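# Commentary on secondary and tertiary structure
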Amino acid sequence: MSLLRNEPSDWQFDPDAAYLPIYHKGSLVGFFKQEYTSEIIQFLNEEEVLKKALKKACGDLLKKTGGDTSKVNYLVQKYIKVSERPKYGTRAIALLLQERQKELDLNNQEFTKFCDTFKISPTELNSIYAGEAIDDNLLAPISRVLGISKERVQEVRDGGEAQTGT
């Protein structure tokens, strides 16, 4: 239950059932085991609040900058898209490299030298971070740096294209 004006939360459940029904705005959407429902409902309601806050913030931003307020949903989707973890492409590989750097506990200079020992030059590394296309000749060095197969690096780089070929 919402504490403001006794409004019900968007997501709710019935705590008296073994498999609890989950409701969204009064409509049944599915059933979950009792031990998971509270956490699921809490997460879903928090997500709703964050989406509303993002929509309000984007609306305020558009008003403040004199933008078209009818573009609020477009702006919300744009921010969500750039905030999501990239699954494929150069951005995904750049993120994997950054995570590897943290895993190894190396500063930027040390990581650049580390990559260079695996035949990824500082220029090539900067190009990856800048989002430029990754050449096939870098797949093996990147795989060695990341500790994953060359095929997996290619799959991440190419996205769905590599998956359809297998």
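Above this text is the structure in question.
Each chain carries its own residue numbering, running from 1 in the written order of its sequence. Whole-chain, interface and lining totals are the exception, using all residues; otherwise, since this is a predicted model, local features are given only for residues with pLDDT of at least 70 and side-chain atom pairs are given and counted only at 80 or more. Side-chain numbers come from the whole structure's heavy atoms, not from hydrogens or water.

### A short note on the packing of helix H3 (residues 90–104) against helix H4 (residues 108–117)
Rules: Lines fitted to C-alpha atoms define the axes, with helix axes restricted to the stretch in contact, and inter-axis angles between N-to-C directions lie between 0 and 180 degrees. Only DSSP runs of H or I covering at least 4 residues are called helices, and only runs of E covering at least 2 are called strands; the numbering of each starts at the N terminus. For classification purposes, angles smaller than 35 degrees are called roughly parallel, those larger than 145 roughly antiparallel, those between 65 and 115 roughly perpendicular, and all remaining angles oblique. Here a residue-residue contact requires only that any non-hydrogen atoms of the pair lie within 4.5 Å. Polar here means any residue other than Ala, Val, Leu, Ile, Met, Phe, Trp, Tyr, Cys and Pro, which are nonpolar, and Asp, Glu, Lys and Arg, which are charged; Gly is therefore polar.
Between H3 and H4, whose axes approach to 10 Å, the crossing angle comes to 110°. The orientation of H3 relative to H4 falls into the category roughly perpendicular. In contact with Leu97, Arg100, Gln101 and Leu104 of H3, H4 contributes Asn108, Phe111 and Phe114. When its residues are assigned to classes, the contact of H3 with H4 shows four nonpolar, two polar and one charged.

### A look at the pairing of strand E2 (residues 19–24)
Inclusion rule: Being paired, for any two strands, means DSSP has found at least two bridges between them.
Alignment of strand E1 (residues 11–13) against E2, held across three bridges, turns out to be antiparallel. Each bridged residue has a counterpart across the sheet, and for Gln12 the counterpart in E2 is Tyr23. Across six bridges, the pairing between E2 and strand E3 (residues 27–33) is antiparallel. By the bridge assignment, Ile22 is partnered in E3 with Gly30. If you look at the hairpin formed by E2 and E3, you'll find two residues sitting between the two strands, and Lys25 has a positive phi there, around 50°.

### Remarks on a nonpolar patch on the surface
To be explicit about the condition: Two joining distances apply to patches: 9 Å for like charges and 5 Å for nonpolar side chains (Val, Leu, Ile, Met, Phe, Trp, Tyr), and every residue must have over 30% relative accessible area and no salt bridge. Areas reported as accessible are Shrake-Rupley estimates using a 1.4 Å probe. Residue values count occlusion only from the protein chains shown. What makes a salt bridge here is a side-chain nitrogen of Lys or Arg within 4 Å of a carboxyl oxygen of Asp or Glu, nothing more. Each residue is placed in one exposure class: buried if its accessible area under a 1.4 Å probe, protein chains only, is under 20% of its type's maximum, exposed if it is over 50%, and partly exposed if it falls in between.
On the surface, a nonpolar cluster with roughly 350 Å² of combined accessible area is contributed by Tyr19, Leu28 and Phe31. Turning to its location among the elements, Leu28 is positioned in strand E3. Looking at Leu28, the relative accessible area reads 46%, which means it is partly exposed.

### Re unusual backbone geometry
For Asp105, which is not glycine, the phi torsion reads 55° and is therefore positive. Checked against the element boundaries, Asp105 lands in the loop between H3 and H4. Of the residues examined, Asp105 reaches a relative accessible area of 69% and is grouped as exposed. Backbone geometry places Lys119, a non-glycine residue, at a positive phi of 75°. Among the secondary structure elements, Lys119 is positioned in the loop between H4 and helix H5 (122–129). A relative accessible area of 60% places Lys119 in the exposed class.

Keep in mind these numbers describe shape, not what the thing actually does.
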